[in-house]
Amino acid sequence: SELPLYEKFDADGFSAEINHVGGTIRSKKDATPLAGLEVAIKGRGWFDRTDDDGRFKVGGMPPGDYTLVVWPEKGKPKERKISVPTPAESYDLEF
């Protein structure tokens, strides 16, 4: 399903796009969804935790380039460069 795109107005009355980014995190080994992983946009304070189906959604961000960080149960956090809004509408990742 398509993620919502919201429109806000800044102090000068100009429209400012506010976007959400989401996707599904799955195991590289067997493609099962990974639940309970923390997902964040680096340095921005936007967080989520994957649900039982491995899905996440973080948002409230203007268009731009960001770093998506995922904390797996074992090992170091994984990072991926993303662009918002994304032409693919979501980021599906494997760990």
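Counting starts from 1 at the beginning of each chain's written sequence and moves along it residue by residue. In keeping with the predicted nature of the model, local features appear solely for residues at pLDDT of at least 70, side-chain atom pairs appear and are counted solely at 80 or more, and the whole-chain, interface and lining totals rest on all residues. As a rule here, side-chain values come from all non-hydrogen atoms in the structure, and water together with hydrogens is ignored.

### Focus: the sheet that holds strand β4 (residues 46-49)
So, point 1. Here, strands pair whenever DSSP counts at least two bridges between them. Put simply, DSSP marks the helices as runs of H or I at least four residues long and the strands as runs of E at least two long, and each gets a number from the N terminus on. Spatially, four strands are ordered β4-β3-β6-β7 in an open sheet, and the strand pairing comes out antiparallel. The two strands at the open ends of the sheet, each matched to only one other strand, are β4 and β7 (78-84). Shown here is a sheet whose adjacent strand axes are inclined to one another by a mean of 25°, direction ignored. To define axes, lines are fitted to C-alpha atoms, for helices over the stretch in contact only, and angles between the resulting N-to-C directions are given on a 0 to 180 degree scale.

### As for the confidence of the model for the protein chain
So, point 1. A score from 0 to 100, pLDDT tells how confident the predictor is in each residue. The pLDDT averaged across the protein chain works out to 80; a share of 76% of its residues lies at or above 70.
So, point 2. Contacts of residues 1-10 to residues separated by more than four positions or lying in other chains number 23 contacts, the stretch itself having pLDDT below 50. Any pair of residues with heavy atoms lying within 4.5 Å of one another is described as a contacting pair.

### Description of the pattern of salt bridges
So, point 1. What makes a salt bridge here is a side-chain nitrogen of Lys or Arg within 4 Å of a carboxyl oxygen of Asp or Glu, nothing more. Within this structure, the stated rule accounts for two salt bridges.
So, point 2. Measuring nitrogen to oxygen at the nearest pair gives 3.1 Å for the salt bridge that ties glutamate 38 to arginine 49. Of this pair, glutamate 38 sits in strand β3 (residues 38-41) while arginine 49 sits in strand β4; the two residues are 11 residues apart in sequence, bridging distant segments of the chain.
So, point 3. Of the charged contacts, one joins glutamate 79 and lysine 42 as a salt bridge, the two residues approaching to 3.0 Å between their closest N and O atoms. Pair noted here: glutamate 79 is in strand β7 and lysine 42 is in the loop between β3 and β4, with a separation of 37 residues, a long-range link.
So, point 4. Relative accessibility decides the category of a residue: with a 1.4 Å probe and only protein chains considered, values under 20% of the type maximum give buried, values over 50% give exposed, and everything between is partly exposed. Residue class for lysine 42 comes out partly exposed when judged on its relative accessible area of 48%.

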